[in-house]
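Below are the chains, spelled out letter by letter.
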Amino acid sequence: MSRELSTFGSRLLDRRDFLNYSATGLGSLALATLLSEDKLLAGGAAPIRPTLRPEAPLAARPPHFAAKANRVLMIFCSGAVSHVDTFDYKPELVRRDGQAMPEAPITFQGEQGNLAQPRWRFRPRGRCGKMVSELLPHLAELADEMCFIHSMTARSNTHGPAENQMSTGFTLDGFPSAGAWVSYALGSECSDLPAFVAMPDPRGVPQVGPNNWGSGFLPAVFQGTAFSAQRPIPHLARPGAIGNDAERAGRDFLRLLNEQHLARHPGDTELSARIASYELAGRLQTAASAVADLSSEPAALLDRYGANDANRIKSGFARNCILARRLVERGVRFVQLFNGSYAMGEGVGNWDGHRTIVADYNRHGPILDQPCAALLRDLKDRGLLNETLVVWVTEFGRMPTFQRGAQGRDHNPHGFTVWLAGAGVKKGFSYGATDEFGHRAADDRCTVYDLHATILYLLGLQHERLSFYHNGIERRLTDVHGRVIEDILS
Amino acid sequence: MTLASLRLALLLFVGSIGLFVLHSGVVAGQDKKTDARGAVDDTEDAKKSHWSFRPLIRTEPPEAVNGVKARNAIDRFILARLEKDKLHASPEADRRILLRRLKFDLLGLPSTPQEIEAFLSDARPDAYEKLVESLLASPHYGERWARHWLDVVRFAESDGFETNLHRPNAWPYRDYVIGAFNSDKPYDRFILEQLAGDKLGADEATGFLVGGPYDRVKSPEIGLTLQQRTDELHDMVSTTSSVFLGLTIGCARCHDHKFDPVSQVDYYAISAMFAGVQHGERPVNDAHAADRRTKAAKLKTELAALDRAIAKAEPLAEPGGPAGRRAPVSTTENTERFTPVRAKFVRFTILATNNLEPCLDELEIFTAEAEPRNVALASLGTKASSSGDYPGAVIHKLEHINDGRYGNGRSWISNEMGKGWVQLELPQPQEIDRIIWGRDREGKFADRLALKYRIEVALESGMWRVVATSEDRALPGTKLPDSPLSRLLNRRAELARDLREVTQPAVAYIGKFTPPEPTHRLHRGDPMAKREKVKPASLASFGRRFELPEAAADQERRLALGKWIADPKNPLTARVIVNRLWQHHLGAGIVDTPSDFGLNGSQPTHPELLDWLAMELIDNGWRLKHIHRLIVTSATYRQAATGNAKAEAVDAGNRLWWRYPARRLEAEPLRDAILFVSGKLDLRMGGPGFDLFEPNANYVKVYTPKKAFGPQEWRRMIYQSKPRMQLDDTFGAFDCPDGGQITPKRNRSTTPLQALNLLNSPFMLQQAEFFAERLKKEAGSEPKDQARLGFLLAFGREPTLQERAAAVALIREHGAVIFCRALFNASEFLYVS
């Protein structure tokens, strides 16, 4: 095996050097040239690096094989949503409410109090009869659309690293996010908008902020562009001090300078790309303003989302949900929609309900529930769910116990729930299970790597082969792990 | 000689003649995995005979005859290789271009019209060499090249992860690096100091060890604690090995390296080198310590006299007394005087704040005696308790209330909005007459201030007696009428601030050193799966091998590692650094994976040249400026950047250097150049950095980009206080590294967001306005003169007739700001050719 690897490695080097010599002279973008599926290398998992056209690095690129989904909407609830209070019904936990948990572990904040049953009643929903709690009544109505994974596990029990892992595959800072990987692999079908949009919650950015949508060592062009209904793309609009005519005249002059400069450097595609980027910027200005303008949406639809709700956080999030749909509709490849922000006091800005989970979640539940459910329904009504994969995630779950001396739950990375919906996944389906209390994944244990592998698979990408050569390492979203969760595929 | 030392001597000998020592069986306790390895001896050989693990070889530079004249040995290697592919080098670029190229390359700054004029008219045959010398002697050289180094070592000035708190004292390492480049510190010494500067009189250098992220969120859960520690060590191991050795040792954390001869035991042997290194601040030995002690003594005497005068003049607190008797509550420091009382307990109860949960940075209790003592200090045995503490915050803790340290960074916050109490229990009853408290004595924060409060004392538990309240203070915001007392108080505030400054030990975020914890091999890298102990040792397969005893002290370990890396016989060290220098001068490394010289890295395009440069470095006292000089004076470097269809057909990537590689400026020289051209660049060097984000007091830092900029922010970008994972919102999009991972080679993207930032950000608009003002001031109001100067300053050349006509029309019609904004956006401004 080692020998094969070594031979493989040396051939890889030869191949790469060959490509370096024949590349188009464009620095890193060019070096990320396709290392195609070479039959000579096909024994193992030869890396696949997409061909990037320097003047159009976001041009649509074909997947590795027929895709089930062509875009992703990831809804990320920051702060760690309690699975036992939402989607993971545990009758035994209800039965043994108030009793001590056998062999209760020391967790993130310390010792455990007693087992605590969910504070919201569960009842069967939809034709599938899925037990969902009353905390999220609107989402519960859509149980028939959802594909639950109840046996998810995370590699860290603290927010920063765990949020990093869910967004980038690695617990450490500085790795490319899933959205960046997907934009790198597939480019975009929408030439006037960013390929990857991250939408922070109205209350603020999520816990590890831009690392959630960073490009790490991938070229910056694949970084998520952060904007929302509350905050437009930074520097999108021309400064107020500059009038229309002045703007046009200034741009014309700039084009003259750049074209003459290019004429003195004939064939320099990087310079052509720069001229193109100013044209793209112009189109982006128009398209991004148009997509963020919700005034064309019917009043009834705004109400369905809760966009006029008296709760300004809820109405803000609802507007982000509408914006998310509009982006998906226009072909944006990856939309990451955040619910919950950085920590601004425990359980205040996000789902981190350590001490007073009832009060916290009665605040957070309604912000998420109606807008998010309306979004799912809207996508379905417009037929977008047929080609869009929706993934609802959080960094980890929470304990079936209350913390000692508190009325809330501590972190629990050993078992929690995520759900998917839309293109390529089963409907009204539940996969995997935690133990009797909801503490640890017991059946069909899954990792975040598996989830990422499955997302890539649904997009027609092989997670073991989609790679970027960085400092001697073929980097992957799934590192050296991950398996496609085949049982949830439709 | 014992058997063991005999073996060690033998190993050293073998290592010194540059052969590779097989690692299996040398280090005790190593698992050999013979089952997997038994049949693959030849692979092991392949690993060990890899080009970069072989000793350096000095090859005579080939005689090249083709095309351009060779100026030095570099050219002979380059030309000979070009000849092989029947390619020619390009002719020398014109002088104007060379000057611009050199100045950006060596200093990261544009040239002035005067510099251009002087260089163009310098007829001396060695005018170019003289220019190189003057640029290498400029202090701005260090600022330019330190940035390259800081990329490679993942340096940033915040913790990363979700708290991402600022490290206010991390900048001394940045200044150390700038200074090291400027003084042409021998590179072997530079390595040693960064690993063991505490031993070598270079404390700041060890900022290297802890320049990476640090997870401040601590937990009683042992698994998390161990994981965090192993992650810290992993950062040190992988950074050290990739920076200095170009090896991805980090890959052997969970299993033997897949490609390189690095075993999992090797990984933990290197990890053991750092087992005594902890994140955090350490006092810096500086030259002014004695001076500051004298100043402090003088200030203390002065303060004591002043305190006696104030004690006579300042009214005592009068609970329930009329409002306005005493000064309003201050955010920095408040004194409560009362008639002497015997007390064992003091309780401070907050009833209302200006906002949020109340914060106190320190609570001090003074004895009623001639030389009052603060008996509240925990170090004297006083115990603190409270109504409840702000959860999860690292900088706000109950223990900070009486730790003798001031400021928001060492404070207590209650867990309730607008209220809470804190209580101190003295070890024995004391006669007291004064209490001093504050919100933030460093004066940075004005929120969370206690406006209504009550202070009680008791001799026995529960027998409370009120000694002071906020009732008799003036309303917040009231200005004190000028009086002898107010003057005394103002003077006291000044002296107290001065005293704090001189007594504050000069500390820097350069790591703390503790006795090393034992190092174990971790099965699959899992910190909960400890296997055999591993001693600190060098890698088994490189250089002069050594192993230290398990009991070796922390500093001894780091010093030994440094010496092993900086050993001229180590085949990697010199190769790796000359390749980095080459990469920055000539666009790509001779090895294009600058931090991976292992089997999975790129092959060198010019292996003999690489070795030749590495030996030049070692033979010339490891002086980097010697290598810079060789490279930039070569004909290879002086080539024009012009294209050539024939050469492009053979080597489009220009990996053989048939021309100079034109490229876009990185974020930092771009921002610096804009400020330079607008006339606003502040070239002051060193010291604390400037912030491009709004101040923020949340316990996890929230980064809001500044929208308005002043002279503070007009220094060179190397002095930006650089947070991790948070890029500047104008220049970050230019592939600026975020300090999350090492960045040995920056990407170079072109994106529409870059265009939007350069066109529309407030920073750019403001600088375009300054540039326009400058044109008006220096060229007068005539558009054609403004146009000419604009081109000279921005591009270093005169406009063509067509350009001038267009510029004049634009300025006439829409003003010079629009013209200047366009110049800043022009490809010619951003590209160096």
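Cut-offs and rules
Residues numbered from 1 in each chain as written. Chains lettered and ligands numbered in written order. Predicted model: local features only at pLDDT ≥ 70, side-chain atom pairs only at ≥ 80, totals over all residues. Helix = DSSP H or I, 4+ residues; strand = E, 2+ residues; numbered from the N terminus. Rg over C-alpha atoms; globule rule 2.2 N^0.38 Å. Buried ≥ 20, exposed ≤ 12 C-beta atoms within 10 Å, placed from the backbone. Contact = placed C-beta atoms within 7 Å. pLDDT = per-residue confidence, 0-100. Axes fitted to C-alpha atoms, helices over the stretch in contact; angles between N-to-C directions. Parallel < 35°, antiparallel > 145°, perpendicular 65-115°, else oblique. Nonpolar A, V, L, I, M, F, W, Y, C, P; charged D, E, K, R; others polar. Expected span 1.5 Å × (residues − 1). Pairing = 2+ DSSP bridges. Domains from an automatic or database assignment. Core = buried A, V, L, I, M, F, W, Y, C linked by C-beta atoms within 7 Å. Left-handed = near helix turned anticlockwise from the far one by under 90°.

**Points about the overall build of chain A**
Here is step 1 of the chain: On a plain count of helices and strands, chain A comes out with 12 helices and 19 strands.
Here is step 2 of the chain: Over its C-alpha atoms chain A spans a radius of gyration of 24 Å, differing by no more than 12% from the 23 Å that the globule rule assigns to 490 residues.
Here is step 3 of the chain: Each of the three principal axes of chain A carries a C-alpha extent, and together these read 80 × 65 × 40 Å.
Here is step 4 of the chain: Classification of the 490 residues of chain A by burial places 61% in the buried group.
Here is step 5 of the chain: A fraction of 73% describes how many contacts in chain A between residues 6 or more apart in sequence connect residues 24 or more apart.

**Let's talk about the overall build of chain B**
Here is step 1 of the chain: From N to C terminus, chain B includes 26 helices and 16 strands.
Here is step 2 of the chain: When the backbone C-alpha atoms are referred to their principal axes, chain B occupies close to 100 × 85 × 45 Å.
Here is step 3 of the chain: For chain B, buried positions account for 50% of its 833 residues.
Here is step 4 of the chain: Of all intrachain contacts in chain B linking residues separated by at least 6 positions in sequence, the fraction that spans at least 24 positions is 72%.

**A few points about the confidence of the model for chain B**
Detailed conclusions should not be drawn from predicted coordinates in areas where pLDDT is low.
Residues and elements named next belong to chain B.
Here is step 1 of the chain: On average, residues of chain B carry a pLDDT of 90, and 94% of them reach 70 or more.
Here is step 2 of the chain: Contacts for the low-pLDDT stretch residues 1-42, under 50 throughout, to residues beyond four places or in other chains number 43 contacts.
Here is step 3 of the chain: Both scores are given for the predicted complex: the pTM is 0.82, the ipTM 0.85.

**Re the packing of helix α8 (residues 269-292) of chain A against helix α21 (residues 752-760) of chain B**
Here is step 1 of the chain: Two elements in contact, α8 of chain A and α21 of chain B, have axes separated by 8 Å at closest approach and are oriented at 80°. Taken together, the axis directions place α8 of chain A and α21 of chain B in an arrangement best described as roughly perpendicular. Contacts between α8 of chain A and α21 of chain B involve Ser277, Tyr278, Leu280, Ala281 and Leu284 of chain A on the former and, on the latter, Pro752, Gln754, Ala755 and Leu756 of chain B.
Here is step 2 of the chain: A per-class count over the contact of α8 of chain A with α21 of chain B returns seven nonpolar, two polar and no charged.

**Concerning helix α16 (residues 573-586) of chain B**
Here is step 1 of the chain: Over its 14 residues, α16 of chain B runs 20 Å from end to end, which matches the ideal 20 Å to within 8%, given 1.5 Å per residue.
Here is step 2 of the chain: α16 of chain B sits mainly inside the fold: 13 of its 14 residues count as buried.

**What to know about the confidence of the model for chain A**
Here is step 1 of the chain: Looking at chain A, the pLDDT average stands at 89 and 91% of residues meet or exceed 70.
Here is step 2 of the chain: pLDDT under 50 marks residues 1-43 of chain A. Its contacts with residues more than four places away, or in other chains, come to 73 contacts.

**Focus on the interface of chain A and chain B**
The figure often quoted for interface size is the accessible area lost as the parts come together.
Here is step 1 of the chain: Contacts between the two partners involve 80 residues from chain A, matched on the other side by 80 residues from chain B.
Here is step 2 of the chain: Of all the secondary structure elements, the ones that give two or more residues to the side of chain A that touches chain B are α1 (2-22), α2 (27-31), α5 (159-168), α7 (244-264) and α8 of chain A.
Here is step 3 of the chain: When grouped by side-chain class, the residues that make up the side of chain A that touches chain B number 39 nonpolar, 34 polar and seven charged.

**Details of the pairing of strand β4 (residues 130-133) of chain A**
All names here are of chain A.
Here is step 1 of the chain: Where strand β3 (residues 122-125) and β4 come together, four bridges link them in antiparallel fashion. Bridge pairing in β4 links proline 124 to methionine 131.
Here is step 2 of the chain: In textbook terms, the turn of a hairpin is the stretch between consecutive antiparallel strands, and for β3 and β4 this stretch comprises four residues, one of which, glycine 126, has a positive phi near 65°.

**Looking at the domain arrangement of chain B**
Here is step 1 of the chain: Partitioning chain B into domains gives domain 1 (1-32 + 186-286 + 506-567), domain 2 (293-503) and domain 3 (762-832).
Here is step 2 of the chain: Taking only C-alpha atoms, the centre of domain 2 of chain B and the centre of domain 3 of chain B are 58 Å apart.

**What to know about α8 of chain A**
Here is step 1 of the chain: With 24 residues, α8 of chain A ought to run about 34 Å at 1.5 Å a step, and its terminal C-alpha atoms sit 33 Å apart, in line with that.
Here is step 2 of the chain: When we look at burial in α8 of chain A, the residues that qualify are Glu270, Leu271, Ala273, Arg274, Ser277, Tyr278, Leu280, Ala281, Leu284, Gln285, Ala288 and Ala292 of chain A.
Here is step 3 of the chain: Among the structural elements, α7 and α10 (312-329) of chain A together with α21 and α26 (827-830) of chain B are those in contact with the buried residues of α8 of chain A.

**Comments concerning the pairing of strand β13 (residues 416-422) of chain A**
A regular strand carries its side chains on alternate faces of the sheet.
Residues and elements named next belong to chain A.
Here is step 1 of the chain: Most of β13 is tucked away, with seven of its seven residues classed as buried.
Here is step 2 of the chain: Examined bridge by bridge, strand β5 (residues 146-153) and β13 share five bridges and lie antiparallel to one another. Residue pairing for β13: methionine 146 is matched across the bridge by alanine 421.
Here is step 3 of the chain: Strand direction decides the pairing type here: strand β9 (residues 388-394) and β13, joined by four bridges, are antiparallel.

**Quick word on the nonpolar core**
Here is step 1 of the chain: Counting residues in each nonpolar core, the largest one holds 286 residues, and the members touching the most others are Cys321, Ala324, Val335, Val391 and Trp419 of chain A together with Val578 of chain B.
Here is step 2 of the chain: Per-element tally for this core: the top contributor is helix α11 (residues 357-381) of chain A, with 10 residues.
Here is step 3 of the chain: In this structure, cysteine 321 of chain A is in contact with Tyr305, Leu337, Pro371, Cys372, Ala374 and Leu375 of chain A, ignoring residues within four places of it in sequence.
Here is step 4 of the chain: Among the nonpolar cores identified, the runner-up in size contains 37 residues, and Tyr342 of chain A together with Ile365, Tyr453 and Tyr699 of chain B belong to it.

**Looking at the environment of alanine 370 of chain B**
Here is step 1 of the chain: Following the sequence through the fold, alanine 370 of chain B ends up in the loop between β5 (362-367) and β6 (383-386).
Here is step 2 of the chain: Separated by 191 residues in sequence, alanine 370 of chain B and glycine 179 of chain B have C-alpha atoms that sit 49 Å apart.

**Focus on the environment of leucine 186 of chain A**
Residues and elements named next belong to chain A.
Here is step 1 of the chain: Secondary-structure assignment places leucine 186 in helix α6 (residues 178-186).
Here is step 2 of the chain: Owing to 26 C-beta atoms within 10 Å, leucine 186 belongs among the buried residues under this scheme.
Here is step 3 of the chain: Taking C-alpha positions, leucine 186 is 29 Å from phenylalanine 396, a pair spaced 210 residues apart along the chain.
Here is step 4 of the chain: Sequence-distant contacts of leucine 186, defined by excluding residues within four places in its chain, comprise Ala60, Arg61, Pro63, Arg333 and Leu459.

**Describing unusual backbone geometry**
Here is step 1 of the chain: Even without a glycine there, the phi angle at lysine 86 of chain B is positive, about 55°.
Here is step 2 of the chain: Phi at tryptophan 622 of chain B takes a positive value of approximately 60°, unusual for a residue other than glycine.

**Observations regarding the packing of helix α23 (residues 783-795) of chain B against helix α24 (residues 801-814) of chain B**
Residues and elements named next belong to chain B.
Here is step 1 of the chain: Between α23 and α24, the least distance of the axes is 9 Å, while the angle of their chain directions is 120°. Taken as axis vectors, α23 and α24 run oblique relative to one another. Judged by the sense of rotation from one axis to the other, the crossing of α23 with α24 is right-handed. Where α23 abuts α24, its residues Pro783, Lys784, Gln786, Ala787 and Gly790 lie against Arg804, Ala807, Val808, Ile811 and Arg812.

**Points about the environment of asparagine 258 of chain A**
Here is step 1 of the chain: With respect to the helices, strands and loops of the structure, asparagine 258 of chain A is situated in helix α7.
Here is step 2 of the chain: On the basis of neighbour counts, which here come to 20 C-beta atoms within 10 Å, the residue asparagine 258 of chain A falls in the buried class.
Here is step 3 of the chain: For the pair asparagine 258 of chain A and glycine 243 of chain A, spaced 15 residues apart in sequence, the C-alpha separation works out to 22 Å.
Here is step 4 of the chain: Excluding residues within four positions of it along the chain, asparagine 258 of chain A makes contact with Arg274 and Ile275 of chain A together with Ala826 and Ser827 of chain B.

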